[in-house]
Amino acid sequence: MHHVFVSGNIALDLLGSRKWRRSEPEELLLTADDLREWIDAADLTAEPVPVDDAGLRTALDLREALYRLVTARTAGSPGDQDDLDVVNRAAAATPLTPVVGSTGIRVVGELSAVLSTVARAGIDVVSPGVLELVKECGRDECTRVFVDRSRGRRRAWCGMEECGNRVNAAAYRRRRAEATAH
């Protein structure tokens, strides 16, 4: 499975593990192994993190609460109290811990620490100063959200590979078709 980390925030990248929410949702985290793979791909820890089915459910609950919170806040709403509770509970756990050793620094922690770190990143996203930079991808089918730190805040897509290139290619084909029709 190919995980994408283009959102500019690890919490928003977790939200992207469920794609196309408005049309035909595609779930990328179907099993505990999928979540373990996502954590490895995110390069959050130095060592593999054990994940079981209960941990997967907890992570998915956090992901969905974060999604609803981020979309509510970008729309000007404070969000649902249940979602706030889920995010705050996860954030209250001990986050991932950097450990210095003779060979360098590594980050360690269990799944609760990973989820705490992700929840804290989600809280950062909805804070003043960052929330204003959060956008949803400009491709109609895509529901990925990202932090736009581009020069001039003109970023339109979550990423060029999956959405930007497709939008640009479709616009090019449309222009060619219009040009040949005249």
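Attention here is on the structure that accompanies the text. None of the values given here were measured: they were computed from a predicted structure.

A word on the environment of Thr 117
- On the secondary structure map, Thr 117 appears in helix α5 (residues 111–125).
- Classification of Thr 117 by relative accessible area gives partly exposed; the value is 21%.
- Taking the C-alpha atoms as reference, Thr 117 lies 22 Å from His 2; in sequence the two are 115 residues apart.
- If we skip the residues at most four places from it in the chain, Thr 117 touches Pro 95 and Leu 96.

Some points on the side chain of Thr 45
- Of note, Thr 45 is situated in the loop between α2 (32–42) and α3 (53–74).
- Among the polar contacts made by the side chain of Thr 45, one reaches the main-chain carbonyl oxygen of Glu 47 at a distance of 2.7 Å.
- Apart from the residues within four sequence positions on either side, Thr 45 is in contact with Ile 39, Leu 96, Val 107, Gly 109 and Val 114.

Some words on the packing of α3 against helix α4 (residues 81–92)
- Close contact between α3 and α4 brings their axes to 9 Å; oriented N to C, the two are set at 120°. By the angle between their directions, the pair α3 and α4 is classed as oblique. For the pair α3 and α4, the sense of crossing is left-handed. Contact residues: Asp 61, Leu 62, Ala 65, Leu 66, Arg 68, Leu 69 and Arg 73 in α3; Asp 83, Leu 84, Val 86, Val 87 and Ala 90 in α4.
- Broken down by class, the residue content of the contact of α3 with α4 amounts to eight nonpolar, no polar and four charged.

What counts and what doesn't
Residues numbered from 1 in each chain as written. Predicted model: local features only at pLDDT ≥ 70, side-chain atom pairs only at ≥ 80, totals over all residues. Heavy atoms only, no water. Helix = DSSP H or I, 4+ residues; strand = E, 2+ residues; numbered from the N terminus. Buried < 20%, exposed > 50% of the residue type's maximum accessible area, 1.4 Å probe, protein only. Contact = heavy atoms within 4.5 Å. Polar contact = N/O pair within 3.5 Å; in protein donor to acceptor, adjacent residues only side chain to side chain. Axes fitted to C-alpha atoms, helices over the stretch in contact; angles between N-to-C directions. Parallel < 35°, antiparallel > 145°, perpendicular 65-115°, else oblique. Left-handed = near helix turned anticlockwise from the far one by under 90°. Nonpolar A, V, L, I, M, F, W, Y, C, P; charged D, E, K, R; others polar.

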